[in-house]
Amino acid sequence: MIAFNVPAVTGHELAYVQKAIGKHKLSGNGEYTKACHRFFEERYGFTKCLLTTSCTDALEMCALLLDLQPDDEVIMPSYTFVSTANAFVLRGAKLVFADSHENHPNLQAEAIAPLITPRTKAIVVVHYAGMACAMDQIMALAEQHGLYVVEDAAQAIEASYQGRQLGTWGHLSAFSFHETKNINCGEGGLLGINDPRFVARAEILWEKGTNRSAFFRGETDKYGWVDLGSSFLPSELNAAFLWAQLEQLDTIQNKRHAVWQYYWQALSPLAAQGYCQLPLVPPHATHNAHIFYLVLPDLDTRTALIRHLAQQGVHATFHYLSLHTSQFYRDQHDGRPLPHCDHFSDCLVRLPLHFHLSEADQAQVVAAVQSFFLSA
Ligand SMILES: *Cc1c(COP(=O)(O)O)cnc(C)c1O
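To keep things clear, this report deals only with the structure shown in the data block. Nothing here was measured: the structure is a model prediction, and the numbers come from that model. (Residues numbered from 1 in each chain as written. Predicted model: local features only at pLDDT ≥ 70, side-chain atom pairs only at ≥ 80, totals over all residues. Heavy atoms only, no water.)

Things to note about the pairing of strand β4 (residues 120-126)
Among the seven residues that make up β4, six are buried, leaving the element largely enclosed by the rest of the structure. Of the pairings in the sheet, the one linking strand β2 (residues 73-77) to β4 comprises three bridges and is parallel in character. Directly across from E73, in β4, lies its bridge partner T120. Judged from the five bridges that link them, β4 and strand β5 (residues 148-152) form a sheet pairing that is parallel. Pairing of V125 across the sheet is with E151, part of β5. Assessed by its sense of winding, the connection that carries the chain from β4 through helix α5 (residues 135-145) to β5 is right-handed. (Buried < 20%, exposed > 50% of the residue type's maximum accessible area, 1.4 Å probe, protein only. Helix = DSSP H or I, 4+ residues; strand = E, 2+ residues; numbered from the N terminus. Pairing = 2+ DSSP bridges. Right-handed = clockwise from strand over helix to strand, strands pointing away.)

Details of the site of the ligand
In the vicinity of the ligand, 15 residues are found, and the nearest of them are T56, D152, Q155, S176 and K181. Within the side chain of T56, one N or O atom sits 2.5 Å away from an oxygen atom of the ligand. Between an oxygen atom of the ligand and a side-chain N or O atom of S176, the distance comes to 2.7 Å. Here the ligand has 390 Å² of accessible area as a free molecule, and 93% of this is covered by the chains. (Near = heavy atom within 4 Å. Polar contact = N/O pair within 3.5 Å; in protein donor to acceptor, adjacent residues only side chain to side chain. Areas by Shrake-Rupley, 256 points an atom, 1.4 Å probe, with all protein chains shown as cover.)

Notes on the packing of aromatic side chains
One pass over the full model with this rule turns up 25 aromatic pairs. Relative to F175, the ring of Y44 lies with its centre 6.4 Å away and its plane at 25°, an arrangement referred to as stacked. Of this pair, Y44 sits in helix α2 (residues 31-44) while F175 sits in strand β8 (residues 172-176); the two residues are 131 residues apart in sequence, bridging distant segments of the chain. Of the two residues, Y44 and F175, both sit in the buried class. Summarising the aromatic geometry, the rings of Y128 and Y293 are spaced 5.9 Å apart at their centres and angled 55° between planes, so their arrangement reads as tilted. Pair noted here: Y128 is in the loop between β4 and α5 and Y293 is in strand β11 (residues 293-295), with a separation of 165 residues, a long-range link. Per residue, the accessibility class of Y128 equals that of Y293, and both read buried. Cluster of aromatic residues (ring-pair linked, three or more members): F39, F40, Y44, F46, F175, F177 and W243. Cation over ring: R164 sits above W169, and NZ or CZ is 4.4 Å from the ring centre. (Phe/Tyr/Trp six-rings, centres within 6.5 Å; stacked < 30°, edge-to-face > 60°. Lys NZ or Arg CZ within 6 Å of the ring centre and 35° of its normal.)

Remarks on the pairing of strand β3 (residues 94-98)
With four of five residues buried, β3 is to be regarded as a mostly interior element. Handedness of the β2-helix α4 (residues 82-89)-β3 crossover: right-handed.

A word on the sheet that holds β4
The mixed open sheet is built from seven strands, whose spatial order is β1-β9-β8-β5-β4-β2-β3. Unpaired on one side and paired on the other, β1 (48-52) and β3 mark the two borders of the sheet. Mean inter-strand twist for the sheet, computed between neighbouring axes without regard to direction, equals 20°. Sheet topology places β5 next to β8; three bridges connect them, and they run parallel. Bridging from a neighbouring strand, D152 pairs with A174 of β8. (Axes fitted to C-alpha atoms, helices over the stretch in contact; angles between N-to-C directions.)

Considerations on helix α6 (residues 199-206)
Of all the eight residues making up α6, six are buried; the element is thus mostly covered by neighbouring parts of the structure. Packed against the buried residues of α6 are α2, β1, α3 (55-65), β9 (189-193) and α7 (212-216). Just beyond α6, the residue with positive phi is K208, at close to 65°. (Contact = heavy atoms within 4.5 Å.)

Describing helix α12 (residues 359-374)
For α12, built from 16 residues, the straight-helix expectation of 22 Å at 1.5 Å per residue is met to within 8% by its first-to-last C-alpha distance of 22 Å. Those residues of α12 that sit buried are Q362, V365, V366, A368, V369, F372 and F373. Looking down the long axis of α12, one finds its buried residues gathered within 155° of arc, a one-sided arrangement. Residues of α12 that are exposed and point more than 90 degrees away from the buried face comprise E359, A360 and L374. Looking at the packing, one finds that the buried side of α12 touches α9 (249-272), β11 and α10 (299-311). (Expected span 1.5 Å × (residues − 1). Arc of directions from axis to C-beta.)

Focus on the side chain of E203
Within the secondary structure layout, E203 lies in helix α6. Of the polar contacts made by the side chain of E203, one reaches the side chain of R217; its length is 2.8 Å.

Right, here's the structure in full:
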């Protein structure tokens, strides 16, 4: 079976984990963690960033930093992972879901304005498949209404809008290094801070609500419990593994883009004949080859395609189930239908795309997709 995902390993991961062990400091915020911070701050231009144990944790830090109060409203897409939503629900916020574009899973910037009320505190965007939401429009709208913008950039490493890295547009952002993402350390994440007002408090939340970071910089003569917090920082073992991946970031990205382009070229004729739709790269966006998906005409066709691919030895998978119809949240949703979101929940399928995918396997994936449509 051709795996849907195999976590990228580029060669130096074990050696760097070994080095971390040799330094006799395995807990968080050591040399590898600091090296990862510097890498992202220099490459992307964050005011400050902090490695976290997951993107989920980084999103929970965002919700804490925004100081959400019960009944504050947060606008976000329904077509997303549960962590985008959970982080804010944990703080008592009410979710207001915006629909996707008709032809793209990302939320529609135009759909946001009618959802803003006096209780709205933040807009959370998700850059699906590393493809940008219309950040210029969204930031302008947020500024006009005095709202915060959080970017769930879990999938958006090395992807940009108008030439600017995703995750550097909003006040705060969250990235994932889960094994399914382009670069990984098993489980891991990053909080990106672009608004300097959040820097000092973020460090405190990160270190269990203490001012330990400031203490170790010599900025205070003792450290103690000063705020809410949790254990959001990852161990040096994870940071060492991640550092090996960061050194090979371009190699990983080049490989993923080659696979993405191959699928695009090979499957374009099927799309031209109307069998399916291929990913649409939004205007002014540069994507990062995180996901290659097809959109089928209906749920039955998608189910049949996934079954056919499995029979041909190819593991393909669908993606998000609309959060507004989820068992957990449907009773709290305001009842508005979100048909585009439901469409992608029913009709989108993702093909295998990872660093270790051979050319023979790519050809087999394409042949399996073609045989579904052309020999039926
Ligand atoms: C992967 C993902 C997350 C969660 O990331 P973790 O690091 O596993 O917590 C959140 N949001 C989106 C959009 C994701 O793709």
